[in-house]
Amino acid sequence: MNTHEAVVRRWGKQYLPWVEDLGLILILIVTLIAGGQAMWAMLEHGTIALADLLLLFIYLELVTMVRMYFTSRKLPVRMPLYIAMVAIARHIVVDANHSEYLGILMIAAAVLILALAVLVVRFGHIHYPYPPDPDSPSQPTEKTY
């Protein structure tokens, strides 16, 4: 490895975590603002619909995903899959034209594919865990599912 590569690697290890943290903080702030706006809209309308609750649940999942990254420095693949499933459920409640059976069937297939992806990821994590990371300050002592 030449000196240029060494400098780039050292810079990346030193500064990229700061960039990641800043990006996550921005995502968290924007998510909290969007959640607050959604709650304010519910208060103004005086009603709470299922679509509103699902939207708040999506925001909560995003906040949970940011928290999980900050605590473990890893982003679980399952979280975006869960968020996608809730988003599709919200689409069914809010936007789907229930008279188009092919569209509903395709949406149901999308949910099924996402659910199968979650099962595959969980199976992989249980039966083929990652090797210990030597750069990590501490390793979990028990399996987390």
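This text follows the structure it describes.
Quick look at the structure, then. This one's a predicted model, so the numbers in the text were calculated from it and none came from an experiment.

Attention now goes to helix α4 (residues 101-127). In this model α4 runs 38 Å from its N-terminal to its C-terminal C-alpha over 27 residues, within 8% of the 39 Å that 1.5 Å per residue would give. Of the positions making up α4, those classed as buried are Ile107, Leu114, Val118, Val121 and Gly124. In this structure, the buried side of α4 is in contact with α3 (78-94).

A few words now on a nonpolar patch on the surface. The grouping of Trp11, Tyr15, Leu16, Trp18 and Val19 at the surface amounts to a nonpolar patch, some 600 Å² of accessible area in total. Along the chain, the position of leucine 16 falls in helix α1 (residues 3-45).

Bringing unusual backbone geometry into the picture now. The phi torsion at arginine 73 lies on the positive side, around 60°, for a residue other than glycine. Inspection of the secondary structure puts arginine 73 in the loop between α2 (50-72) and α3.

On to the packing of aromatic side chains. To describe a pair of aromatic rings, one takes the distance between the centres and the angle between the planes. A full pass over the atoms with the stated rule returns two aromatic pairs. Measuring from ring centre to ring centre gives 5.5 Å for tryptophan 11 and tyrosine 15, while their planes differ by 45°; the resulting arrangement is tilted. You can see tryptophan 11 and its partner tyrosine 15 sitting in helix α1, four residues apart, about one turn around the helix. Tryptophan 11 gets classed as partly exposed once you look at its relative accessible area, which sits at 48%. When the centroid spacing of 6.3 Å and the interplanar angle of 65° are considered together, the rings of phenylalanine 123 and tyrosine 128 count as edge-to-face.

The subject of this paragraph is α3. Across its 17 residues, α3 extends 24 Å between first and last C-alpha, which sits within 8% of the 24 Å expected from 1.5 Å per residue. Among all positions of α3, only Arg78, Met79, Leu81, Ile83, Met85, Val86 and Ile88 are buried. Tucked inside the fold, the buried residues of α3 contact α2 and α4.

Here we take up the packing of α2 against α3. Two elements in contact, α2 and α3, have axes whose closest approach is 9 Å; the angle formed by their N-to-C orientations is 170°. Taken together, the axes of α2 and α3 are roughly antiparallel relative to one another. Along its contact with α2, which presents Leu50, Ala51, Leu54, Leu55, Phe57, Ile58, Glu61, Leu62, Thr64, Met65 and Met68, the element α3 presents Met79, Pro80, Tyr82, Ile83, Val86, Ala87, Ala89, Arg90, Val93 and Val94. In the contact of α2 with α3, the residues fall into 18 nonpolar, one polar and two charged.

We now examine the pattern of salt bridges. If you walk through the whole model with that rule in mind, you get two salt bridges. Put simply, arginine 73 and glutamate 20 hold a salt bridge, and the shortest N to O gap is 3.8 Å. A residue pair is termed long-range when its members are at least 10 positions apart, and arginine 73 in the loop between α2 and α3 and glutamate 20 in helix α1 qualify at 53 residues. A relative accessible area of 38% means that glutamate 20 is categorised as partly exposed. With a closest N to O distance of 2.8 Å, aspartate 21 and arginine 73 form a salt bridge. Taken together, the residues span a long stretch of sequence, with aspartate 21 in helix α1 and arginine 73 in the loop between α2 and α3 at a distance of 52 residues. Owing to a relative accessible area of 35%, arginine 73 belongs among the partly exposed residues under this scheme. When salt bridges with common partners are traced through the structure, they connect Glu20, Asp21 and Arg73 into a single cluster.

The rules behind these values
- By convention here, each chain's residues receive numbers from 1 onward along its written sequence.
- Given that this is a predicted model, residues contribute local features only at a pLDDT of at least 70 and side-chain atom pairs are listed and counted only at 80 or more, while totals for whole chains, interfaces and linings are drawn from all residues.
- To get the side-chain values, all heavy atoms of the structure are used, and hydrogens and water are removed first.
- Each helix corresponds to a stretch of at least 4 residues labelled H or I by DSSP, and each strand to a stretch of at least 2 residues labelled E; elements are numbered beginning at the N terminus.
- Expected span of a helix, by definition, is 1.5 Å for each gap between consecutive residues, and there is one gap fewer than residues.
- For every residue, the accessible area obtained with a 1.4 Å probe (protein chains only) is divided by the maximum for its type, and the residue is called buried under 20%, exposed over 50%, and partly exposed between those limits.
- In what follows, a contact means two residues having at least one pair of non-hydrogen atoms within 4.5 Å.
- Each patch is built from residues lacking any salt bridge and having more than 30% relative accessible area; the joining distance is 9 Å for like charges and 5 Å for nonpolar side chains (Val, Leu, Ile, Met, Phe, Trp, Tyr).
- Areas reported as accessible are Shrake-Rupley estimates using a 1.4 Å probe. Residue values count occlusion only from the protein chains shown.
- By convention in these notes, a salt bridge is any Lys or Arg side-chain nitrogen within 4 Å of a carboxyl oxygen on Asp or Glu.
- Stacked, tilted and edge-to-face are the three classes applied to pairs of Phe, Tyr and Trp rings, where Trp contributes its six-membered ring and a pair requires centres within 6.5 Å; stacked means planes under 30 degrees apart, edge-to-face means over 60, and tilted covers the rest.
- Here, axes are lines fitted to C-alpha atoms. For helices the fit covers the stretch in contact, and angles between N-to-C directions go from 0 to 180 degrees.
- Working rule for angles: under 35 degrees goes down as roughly parallel, over 145 as roughly antiparallel, 65 to 115 as roughly perpendicular, anything else as oblique.
- Polar here means any residue other than Ala, Val, Leu, Ile, Met, Phe, Trp, Tyr, Cys and Pro, which are nonpolar, and Asp, Glu, Lys and Arg, which are charged; Gly is therefore polar.

Function-wise, these values are silent; they only describe arrangement.
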